[in-house]
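Read off the chains here:
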Amino acid sequence: MRERGRRGLPLERLYRQLFNPRLYLVAYKRLYANKGAMTPGVTGETVDGMSLAKIGRIIATVRAERWRWRPVKRVHIPKRNGKRRALGLPTWSDKLLAEVVRMLLDAYYDPQFSDHAHGFRPGRGCHTALSEVVEVWKGTHWFIEGDIADCFGSLDHQVMLKTLGEKIHDGRFLRLVEGMLSAGYLEQWTWGATLSGVPQGGVASPILSNIYLDRLDQFVETQLLPLHNRGKRRTANPAYERVRAAMRGAERRGDRAAAKALRRQLRTLPSVDPRDPGYRRLRYVRYADLCRTLHKSA
């Protein structure tokens, strides 16, 4: 699947991968140590009591296409700015199946994602995003930061399913994801519909948001950056060239003191013109749903 994703080939008959019990064992290994594994959702089910028999029942239900996602239990947790964020707590069986779905989607889509996307990806994170800024964004003049408000809660379900359907040619798998998106939530034992968005705190929500936001990455890289970038190299800095010529003249005359002073002055000057009107670069990086660009030019 990862190789097909790397080559941009579509996926077919993905649903049958959900019948593999080994995937559920890997999902269990990744989830059981999390603090939320013992937190119940709308039922009392937790990781406690997990067994191969339970995996067999989940697979049998999925194979018969009778799986129904339960609504998540909604609680509110405080944010740093004093506000509160809605968090969805799924039941353990839903969480286990969602992790298998996440692993399948991640294996296929991650090789296709932009190198400038660092959020919710294996081997990437805040530090890799910062490293890209430090190592690549030299001579930055302007930083522009954009934060997508309520990103997880605002994803359009139809756009999400259409985006998945462009490369996943399996109606059963798409219907399963659609059921996950529209399962709703329970708050104070009152059911609420989820007409948009993915569950905040859901296992598969990060990969789904990355698939959704990959359209933004593609737009920036293929249209926005080429539109603003200009020139191949900066022109030489006239002040730098004058000091360097004077330094070489002092060296030819044998005036070591003057050459040393000019060399020291040369090190304080940029070798290229930082305000070259013929050179401009726009760069882009995304960490989770936080986008940052820079305007680097004259």
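Thresholds, definitions, all that
Residues numbered from 1 in each chain as written. Predicted model: local features only at pLDDT ≥ 70, side-chain atom pairs only at ≥ 80, totals over all residues. Heavy atoms only, no water. Helix = DSSP H or I, 4+ residues; strand = E, 2+ residues; numbered from the N terminus. Rg over C-alpha atoms; globule rule 2.2 N^0.38 Å. Buried < 20%, exposed > 50% of the residue type's maximum accessible area, 1.4 Å probe, protein only. Areas by Shrake-Rupley, 256 points an atom, 1.4 Å probe, with all protein chains shown as cover. Lys, Arg positive; Asp, Glu negative; His and termini not counted. Charge placed at Lys NZ, Arg CZ, Asp CG, Glu CD. Contact = heavy atoms within 4.5 Å. Polar contact = N/O pair within 3.5 Å; in protein donor to acceptor, adjacent residues only side chain to side chain. Pairing = 2+ DSSP bridges. Axes fitted to C-alpha atoms, helices over the stretch in contact; angles between N-to-C directions. Arc of directions from axis to C-beta. Left-handed = near helix turned anticlockwise from the far one by under 90°. Nonpolar A, V, L, I, M, F, W, Y, C, P; charged D, E, K, R; others polar. Salt bridge = Lys/Arg side-chain N within 4 Å of Asp/Glu carboxyl O. Core = buried A, V, L, I, M, F, W, Y, C linked by side-chain atoms within 4.5 Å.

Turning to the overall build of the protein, a few remarks are in order. Broken down by element type, the protein carries 11 helices and 9 strands. Relative to its length of 298 residues, the protein is extended, with a C-alpha radius of gyration of 27 Å against a globular reference of 19 Å. For the protein, the spread of C-alpha atoms along the principal axes amounts to about 90 × 45 × 30 Å. A total of 298 residues make up the protein; the buried ones form 41% of that total. Working note: accessible area of the protein is about 17,200 Å², and carbon and sulfur atoms make up 53% of it. Positive and negative charge centroids in the protein, built from 54 and 29 side chains respectively, lie 5 Å apart.

With that settled, consider the environment of Trp191. Position of Trp191 relative to the elements: it lies in strand β7 (residues 190–192). In the structure, Trp191 is positioned 117 residues away from Arg74 in sequence and 9.9 Å away in space, judged by C-alpha atoms. Not counting chain neighbours up to four residues away, the residues in contact with Trp191 comprise Pro71, Ala183, Gly184, Tyr185 and Leu186. Here Ala183 takes part through its backbone oxygen, which lies 3.4 Å from a polar atom of the side chain of Trp191.

Spatial strand order, β3-β2-β6-β7: 4 strands in an open sheet with mixed pairing. Here the strands that pair on one side only, and so sit at the sheet edges, are β3 (84–89) and β7. Sheet twist, expressed as the mean angle between neighbouring strand axes with direction ignored, is 40°. Sheet analysis places strand β2 (residues 72–78) next to strand β6 (residues 185–187), joined by 2 bridges and oriented parallel. Along β6, the bridge assignment pairs Lys73 with Leu186.

With that settled, consider the side chain of Asp217. Summarising the element assignment, Asp217 is placed in helix α9 (residues 205–228). You can call Asp217 buried: its relative accessible area is 1%. Only 2.6 Å separates the side chain of Asp217 from the side chain of Tyr284, close enough to count as a polar contact.

All of the buried residues along helix α8 (residues 171–181) are Phe173, Leu174, Leu176, Val177, Met180 and Leu181. Along the long axis of α8, the arc covered by the buried residues comes to 155°, so they all point the same way. Looking at the buried side of α8, the elements it contacts are α4 (92–109), α7 (157–165), β5 (168–169) and α9. Its side-chain oxygen 3.1 Å from the backbone nitrogen of Arg172, Asp170 forms the N-cap of α8.

Here we come to the packing of α4 against α9. In the contact formed by α4 and α9, the axes pass within 9 Å of each other and the chain directions differ by 35°. Remark: the crossing between α4 and α9 carries left-handed chirality. Taken together, the residues of α9 that come into contact with α4 (itself represented by Arg102, Leu105, Asp106 and Tyr109) are Ile207, Leu208 and Ile211. Here the contact of α4 with α9 is composed, by residue class, of 5 nonpolar, no polar and 2 charged.

This part takes up the pattern of salt bridges. Under the defined criterion, the tally for this structure stands at 13 salt bridges. With a shortest N-O distance of 2.8 Å, Glu3 and Arg6 are connected by a salt bridge. Note that Glu3 and Arg6 are positioned in helix α1 (residues 2–7) at a spacing of 3 residues, about one turn of the helix. Glu3 sits in the partly exposed class, given a relative accessible area of 43%. Among the ionic pairs, Arg215 bridges to Glu166, the shortest N-O distance being 2.7 Å.

Glancing now at the nonpolar core. One finds Leu18, Tyr24, Leu96, Leu105, Leu164, Phe173 and Leu208 to be the most contacted residues of the largest nonpolar core, which totals 51 residues. For this core, the elements supplying multiple residues, two or more each, are α2 (21–31), α3 (52–63), α4, α6 (151–154), α7, α8 and α9. If we ignore the near neighbours within four places in the chain, the residues touching Tyr24 are Leu18, Ile55, Ile58, Ile59, Leu96, Leu97 and Val100. Core analysis: the second largest hydrophobic core is formed by 7 residues, Val243, Met247, Ala250 and Ala259 among them.

Moving on to unusual backbone geometry. Within the chain, Phe120 stands out as a residue other than glycine whose phi angle is a positive 55°. Position of Phe120 among the secondary structure elements: in the loop between α4 and α5 (126–136). Its identity as a non-glycine residue notwithstanding, Asp150 has a phi of 50°, on the positive side. Summarising the element assignment, Asp150 is placed in the loop between β4 (142–147) and α6. Taking relative accessible area as the criterion, Asp150 reaches 53% and is therefore assigned exposed.

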